[in-house]
Amino acid sequence: MSEITSETVKHLAELARIALSEEEISTLTGQLGAIVDSVAKVSEVATPDVPATSHPIPLANVARADVPGTTLTTEQALAGAPESDGSRFVVSAILGEEQ
Amino acid sequence: MSDLTRLAASELSALLRARDVSSVEVTQAHLDRIAAVDGDVHAYLHVSEAALSTAAAIDAARGDGAELGALAGVPVAIKDVLCTHDMPSTAGSRMLEGWVPPYDATPVARMRAAGLVPLGKTNMDEFAMGSSTEHSAYGPTRNPWDLDRIPGGSGGGSAAAVAAFEAPIALGSDTGGSIRQPGAVTGTVGVKPTYGGVSRYGAIALASSLDQVGPVTRTVLDAAMLHDIIGGHDPKDSTSLTDPWPSFEAAAREGALADSLRGVRIGVVKELDSPGFQAGVTQRFHEALELLTGAGAEIVEVSAPHFEYAVAAYYVILPAEASSNLAKFDSVRFGLRVTPPGGGTVEQVMSATREAGFGPEVKRRVILGTYALSAGYYDAYYGSAQQVRTLIQRDFATAFEQADVLVSPAAPTTAFRIGEKVDDPLAMYLNDVTTIPANLAGVPAMALPMGLAPEDSLPTGFQLMAPAREDARLYRIGATLERLLGERHGAILGSAPALV
């Protein structure tokens with residue numbers, strides 16, 4: 001059995017920055033428990049002598065010449081932003097009042 | 001000339017080059033078809049307003065005697081996961097509703113340069129997470145064969161558009177089967193190229209070590225011609241292979257003409273020829289094997305003992321990479337922003353935005369990925385899954401010593417009903433059992449229609465897999481099999497419902 005509790009899901013949601021509702025936490029707790037139990041079988045065959053593969057086709061040291069190219073204009077870069085002041089992204093306060 | 005929509009891209013290409021039809025006529029025919037049937041099918045999220053003017057420009061260039069590419073003037077549909085500078089690119093998510101990217105994805109840019117005419121953007125499961133297109137924030141796409149059934153996913157929109165003659169060809173993306181499984185259940189052809197064969201630049205990332213862009217078509221030749229255009233090295237994608245590629249069109253044409261498969265070893269993957277699959281799928285698969293044998297191919301049974309761990313490994317690796325890739329949706333640079341009542345810090349705004357902007361499947365996978373990557377669980381899940389990936393690559397290497405291509409059904413069942421699995425994520429995940437191994441190993445794979453299942457008269461798909469960088473082999477053998485199947489069953493889509 002997995003150790004996924006509603007507290008685990010609440011903690012993971014904070015890490016993932018998703019303000020889940022209580023109802024979602026309850027649904028996800030059951031679903032994640034079942035999924036985690038099912039995928040746990042990966043550890044059955046992962047013996048220490050097997051190396052890990054992070055990338056299907058290994059490539060090394062992919063680099064380009066360090067020369068300036070064309071980039072987006074400020075206007076283009078800001079065009080899709082929810083809020084900007086014409087030259088910068090506008091964000092909410094980074095620190096809460098108590099900090 | 002409404003039957004222009006019935007022609008393959010290769011046939012349209014010949015007519016356009018001979019100036020028997022104009023691109024404007026071909027494009028208009030497809031726009032008319034979209035207007036007539038897309039209210040039912042819902043393959044498109046956005047239809048381009050520029051299609052006719054683009055087509056007119058191609059016609060004018062042809063009139064001036066310009067050198068044009070093979071598919072110049074042919075319309076194409078584009079999965080909404082690919083960035084287009086002139087159309088919204090939402091990836092099926094509320095998070096990106098109305099977002100117009102400042103640049104084109106490389107495969108899109110290459111199609112435009114080759115003179116293809118974008119018709120619009122096709123529906124998909126949100127951020128390509130799903131096997132049914134039911135997880136689109138904009139409502140499901142319906143299978144043209146039966147409007148109560150799913151068109152597969154995540155690229156159900158592209159497959160349905162091509163199957164319903166709303167586009168001759170389309171672009172898709174395949175992370176665990178999102179091109180091939182929709183191909184199987186809609187009676188269309190889909191190819192996942194070798195990882196790194198087609199640029200991922202401008203494809204909104206799901207799982208970067210698995211994602212690959214590829215063609216969605218009605219014929220093997222069309223897939224080859226589209227692959228020739230979109231493939232090849234791109235310095236903007238650091239995982240793009242620098243290998244020179246042969247002409248896939250030439251491989252497909254050669255395969256279509258081949259009168260024998262003598263000397264070709266076809267490996268049937270024992271673990272993917274499961275008694276648990278739908279009976280009609282298994283029956284059509286074995287009939288296709290008989291056709292291959294009849295043409296002189298040698299059938300060998302190969303074993304890939306670790307494929308049974310592929311789905312589990314995939315549903316650790318994919319959520320892990322997705323949770324990282326989707327962190328970019330922070331409500332600052334693009335997309336939705338939702339401010340909680342009374343305001344909040346940037347972190348609270350981000351959390352409220354992601355709560356409102358992501359659908360249930362995206363939340364499920366992001367949370368799962370966060371778990372798999374968290375301290376204390378990383379080795380047991382993500383580390384082990386990456387080791388399984390090595391074992392699956394070794395299985396492929398051993399199998400390819402015994403066979404030139406590996407084959408299996410492309411999906412375990414025909415199209416299931418809308419709503420049947422949407423609340424059961426595990427059942428939905430098992431639908432990808434046949435397609436996932438190729439993504440984990442980075443090898444190329446193709447799905448092509450192999451006839452209708454006798455019990456429900458719905459399409460079934462045959463999967464071919466080749467070693468990495470041997471995509472041409474898929475087109476060569478795939479085109480031969482397509483011809484053999486055509487001689488037996490006729491054109492699959494010829495028996496699809498008319499919809500109007």
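About the thresholds
- Residues numbered from 1 in each chain as written.
- Chains lettered and ligands numbered in written order.
- Predicted model: local features only at pLDDT ≥ 70, side-chain atom pairs only at ≥ 80, totals over all residues.
- Helix = DSSP H or I, 4+ residues; strand = E, 2+ residues; numbered from the N terminus.
- Rg over C-alpha atoms; globule rule 2.2 N^0.38 Å.
- Buried ≥ 20, exposed ≤ 12 C-beta atoms within 10 Å, placed from the backbone.
- Contact = placed C-beta atoms within 7 Å.
- Pairing = 2+ DSSP bridges.
- Right-handed = clockwise from strand over helix to strand, strands pointing away.
- Core = buried A, V, L, I, M, F, W, Y, C linked by C-beta atoms within 7 Å.
- Nonpolar A, V, L, I, M, F, W, Y, C, P; charged D, E, K, R; others polar.
- Axes fitted to C-alpha atoms, helices over the stretch in contact; angles between N-to-C directions.
- Parallel < 35°, antiparallel > 145°, perpendicular 65-115°, else oblique.
- Arc of directions from axis to C-beta.
- pLDDT = per-residue confidence, 0-100.

### Brief notes about the overall build of chain A
Argument step 1. Each helix and strand counted, chain A has four helices and zero strands in total.
Argument step 2. Seen in sequence order, chain A has helices and strands lined up from the N terminus as α-α-α-α.
Argument step 3. For 99 residues, the compact-globule estimate of 2.2 N^0.38 gives 13 Å, and chain A exceeds it by more than 25% at 22 Å.
Argument step 4. A principal-axis box enclosing the C-alpha atoms of chain A has dimensions of 55 × 45 × 25 Å.
Argument step 5. Put simply, chain A has 99 residues, and 20% of those count as buried.

### Digging into the overall build of chain B
Argument step 1. When helices and strands are tallied, chain B shows 16 helices and eleven strands.
Argument step 2. A globule of 500 residues ought to have a C-alpha radius of gyration of about 23 Å, and chain B, at 21 Å, matches this closely.
Argument step 3. Principal-axis analysis of the C-alpha atoms gives chain B an extent of 70 × 55 × 45 Å.
Argument step 4. Going through the 500 residues of chain B one by one, you find that 64% of them count as buried.
Argument step 5. The contacts of chain B with a sequence gap of at least 6 include a subset with a gap of at least 24, amounting to 77%.

### Re the pairing of strand E2 (residues 75-79) of chain B
Residues and elements named next belong to chain B.
Argument step 1. In terms of residue burial, E2 counts as a mostly covered element, since five of its five residues are buried.
Argument step 2. Of the two faces of E2, the one holding Pro-75, Ala-77 and Lys-79 and the one holding Val-76 and Ile-78 are both buried throughout.
Argument step 3. Note that E2 and strand E3 (residues 117-122) share five bridges and pair parallel. Bridge assignment links Val-76 to a residue of E3, and that residue is Pro-118.
Argument step 4. Considered for its hand, the β-α-β crossover made up of E2, helix H4 (residues 106-113) and E3 is right-handed.
Argument step 5. Two elements, E2 and strand E4 (residues 169-173), share three bridges in a ladder whose sense is parallel. Within the sheet, the bridge partner assigned to Ile-78 lies in E4 and is Leu-171.

### Some details on the nonpolar core
Argument step 1. With 178 residues, the main nonpolar core has Val-42 of chain A together with Val-76, Ala-170, Ala-313, Val-316 and Ile-367 of chain B as its most contacted residues.
Argument step 2. Once you skip the residues sitting within four places of it in the chain, Ala-170 of chain B turns out to touch Val-76, Ala-77, Ile-78, Lys-79, Thr-122, Ser-158, Ala-161, Val-162 and Val-216 of chain B.

### So, the interface of chain B and chain A
Argument step 1. Residue-level contacts link 58 residues of chain B with 47 residues of chain A.
Argument step 2. Elements with a minimum of two residues in the side of chain B that touches chain A: helix H10 (310-325), helix H11 (346-357), helix H12 (360-372), helix H13 (379-402) and helix H14 (425-430) of chain B.
Argument step 3. No other element matches the twelve residues that H13 of chain B contributes to the side of chain B that touches chain A.
Argument step 4. In terms of residue class, the side of chain B that touches chain A is made up of 31 nonpolar, 19 polar and eight charged.

### Quick word on the packing of H10 of chain B against H12 of chain B
Residues and elements named next belong to chain B.
Argument step 1. In contact at an axis separation of 7 Å, H10 and H12 are set at 100° when each is read in the N-to-C sense. The angle between H10 and H12 places the two elements in the roughly perpendicular class. Along its contact with H10, which presents Val-316, Pro-319, Ala-320, Ala-322 and Ser-323, the element H12 presents Arg-365, Val-366, Leu-368, Gly-369, Thr-370 and Ala-372.

### Quick look at the sheet that holds strand E6 (residues 213-217) of chain B
All names here are of chain B.
Argument step 1. Taken together, the eleven strands give an open sheet; going across it, the order is E1-E3-E2-E4-E6-E5-E10-E11-E9-E7-E8, and neighbouring strands pair in mixed fashion. Looking at the sheet topology across the chains shown, the edges are occupied by strand E1 (44-47) and strand E8 (298-302). Each strand axis lies, on average, 30° off the axis of its neighbour in the sheet, ignoring direction.
Argument step 2. Where strand E10 (residues 445-452) lies against strand E11 (residues 459-465), six bridges are found, and the strand directions are antiparallel. Across the sheet, Ala-447 pairs through a bridge with Gln-463, a residue of E11.

### Some words on unusual backbone geometry
Residues and elements named next belong to chain B.
Argument step 1. Cis geometry is found at the peptide bond from Gly-153 to Ser-154, where omega equals 10°.
Argument step 2. Relative to the helices and strands, Ser-154 is located in the loop between E3 and helix H5 (156-163).
Argument step 3. Of note in this structure, Arg-19 is not a glycine but carries a positive phi near 60°.
Argument step 4. Backbone geometry places Arg-469, a non-glycine residue, at a positive phi of 75°.
Argument step 5. Mapped onto the fold, Arg-469 is located in the loop between E11 and helix H16 (471-489).

### So, the pairing of E6 of chain B
Residues and elements named next belong to chain B.
Argument step 1. Counting buried positions along E6 gives five out of five residues, so the element sits mostly inside the fold.
Argument step 2. Taken together, the four bridges between E4 and E6 define a ladder with antiparallel strand orientation. Opposite Gly-172, over in E6, you have Gly-214 as the bridge partner.
Argument step 3. Where strand E5 (residues 189-192) meets E6, two bridges bridge the pair, whose relative direction is antiparallel. Across the sheet, the residue bridging to Val-189 is Thr-217, located in E6.

### Quick notes on helix H8 (residues 248-257) of chain B
Residues and elements named next belong to chain B.
Argument step 1. What H8 keeps buried is the set Phe-248, Glu-249, Ala-251, Ala-252 and Gly-255. For H8, the angular spread of the buried residues around the axis is 160°, confining them to a single face.
Argument step 2. Its buried side turned inward, H8 meets helix H7 (220-230) and H16.

### Topic: the packing of helix H1 (residues 6-15) of chain A against helix H2 (residues 22-39) of chain A
Residues and elements named next belong to chain A.
Argument step 1. Two elements in contact, H1 and H2, have axes separated by 9 Å at closest approach and are oriented at 105°. With respect to their mutual orientation, H1 and H2 come out roughly perpendicular. Only Ile-25, Ser-26, Leu-28, Thr-29 and Leu-32 of H2 make contact with H1, whose side of the interface consists of Ser-6, Val-9 and Lys-10.
Argument step 2. Split by residue class, the contact of H1 with H2 holds four nonpolar, three polar and one charged.

### Some remarks on the confidence of the model for chain B
Argument step 1. The predicted model of chain B averages 96 in pLDDT, with 100% of residues at 70 or higher.
Argument step 2. Listed scores for the predicted complex are pTM 0.97 and ipTM 0.93.

### Remarks on the environment of Tyr-475 of chain B
Residue and element names in this part refer to chain B.
Argument step 1. In this structure, Tyr-475 sits in helix H16.
Argument step 2. Among the residues examined, Tyr-475 registers 33 C-beta atoms within 10 Å and is labelled buried.
Argument step 3. Spatially, the C-alpha atoms of Tyr-475 and Glu-254 are 9.0 Å apart, while their sequence positions differ by 221 residues.
Argument step 4. Residue contacts for Tyr-475: discarding those within four places in its chain leaves Val-220, Ala-224, Phe-248, Ala-251, Ala-252 and Gly-255.

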